[in-house]
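Architecture at a glance
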Amino acid sequence: MKWWKAWGAAAFVGVAATGVAIARAERQRRAYTPDQVRERLHARVALIGRGEDGGATAVEDPPVGRARALWRRLSRRVSGPR
């Protein structure tokens, strides 16, 4: 097998794995009811209003937070610094 075939196969697998991760994060995000989303937003606003969060989102669920952080890191690498 030529090196470029192996490189292409690895790229394909990487793209597929990224798509799976994004789809999973989207399913988890959509699993919230509107009332749950509203409650979480109110809790975040209350934390920010009191200045207790230190600039970070303290009420975020870990799986969704990790997916968003990964997506932001990857998009910054592609688009460059802002």
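Residues numbered from 1 in each chain as written. Predicted model: local features only at pLDDT ≥ 70, side-chain atom pairs only at ≥ 80, totals over all residues. Heavy atoms only, no water.

What to know about the overall build of the chain
As a reminder of what qualifies: Helix and strand labels come from DSSP, where a helix needs a run of H or I of at least four residues and a strand needs a run of E of at least two; each type is numbered from the N terminus. Under the scheme applied here, a residue whose accessible area is under 20% of the maximum for its type counts as buried, over 50% as exposed, and between as partly exposed, the area being computed with a 1.4 Å probe on protein chains only. Where accessible areas are quoted, they stem from the Shrake-Rupley method and a 1.4 Å probe; at the residue level, only the protein chains shown are allowed to cover.
Within the chain, the secondary structure is distributed over three helices and zero strands. Listed N to C, the secondary structure of the chain is α-α-α in terms of helices and strands. For the chain, with 82 residues in total, the buried portion stands at 7%. Working note: accessible area of the chain is about 7,100 Å², and carbon and sulfur atoms make up 62% of it.

Regarding helix α2 (residues 34-50)
Our working rule: How far a helix is expected to stretch is found by multiplying one less than its residue total by 1.5 Å.
End to end, α2 covers 25 Å across 17 residues, agreeing with the expected 24 Å (1.5 Å per residue, within 8%). Just downstream of α2, G51 is the residue with a positive phi angle, here 75°.

A few points about the packing of aromatic side chains
What counts, and what does not: When the centres of two rings from Phe, Tyr and Trp lie within 6.5 Å, Trp using its six-membered ring, the rings pair. Their planes under 30 degrees apart give stacked, over 60 give edge-to-face, and anything left gives tilted. Distance and angle both matter: a charge sits over a ring if NZ of Lys or CZ of Arg is within 6 Å of the ring centre and within 35 degrees of the ring normal.
Throughout the structure, instances matching the rule amount to zero aromatic pairs. In this structure, R40 is placed above the aromatic ring of Y32, and the distance from its NZ or CZ to the ring centre is 4.7 Å.

Details of the pattern of salt bridges
So the rule is basically this: A pairing counts as a salt bridge when a side-chain nitrogen of Lys or Arg comes within 4 Å of a carboxyl oxygen of Asp or Glu.
According to the stated counting rule, one finds one salt bridge in the structure shown. The partner of R38 in a salt bridge is D35, with the nearest N and O atoms 2.7 Å apart. A residue pair is termed a helical-turn pair when its members lie 3 or 4 positions apart in one helix, as R38 and D35 do in helix α2 at three residues. Classification of D35 by relative accessible area gives partly exposed; the value is 48%.

Comments concerning a nonpolar patch on the surface
Selection rule: Nonpolar side chains (Val, Leu, Ile, Met, Phe, Trp, Tyr) are joined into patches within 5 Å and like charges within 9 Å, using only residues with over 30% relative accessible area and no salt bridge.
On the surface, a nonpolar cluster with roughly 530 Å² of combined accessible area is contributed by W3, W4 and W7. The topology assignment puts W7 in helix α1 (residues 3-30). What makes W7 exposed here is its relative accessible area of 65%.

Things to note about the environment of R66
Checked against the element boundaries, R66 lands in helix α3 (residues 62-79). In the structure, R66 is positioned 41 residues away from A25 in sequence and 9.2 Å away in space, judged by C-alpha atoms.

Observations concerning the confidence of the model for the chain
Which entries qualify depends on this criterion: Note: pLDDT gives the predictor's confidence per residue, expressed from 0 to 100.
The pLDDT averaged across the chain works out to 78; a share of 78% of its residues lies at or above 70. Across the chain, the element-wise mean pLDDT spans from 72 in α3 up to 88 in α1.

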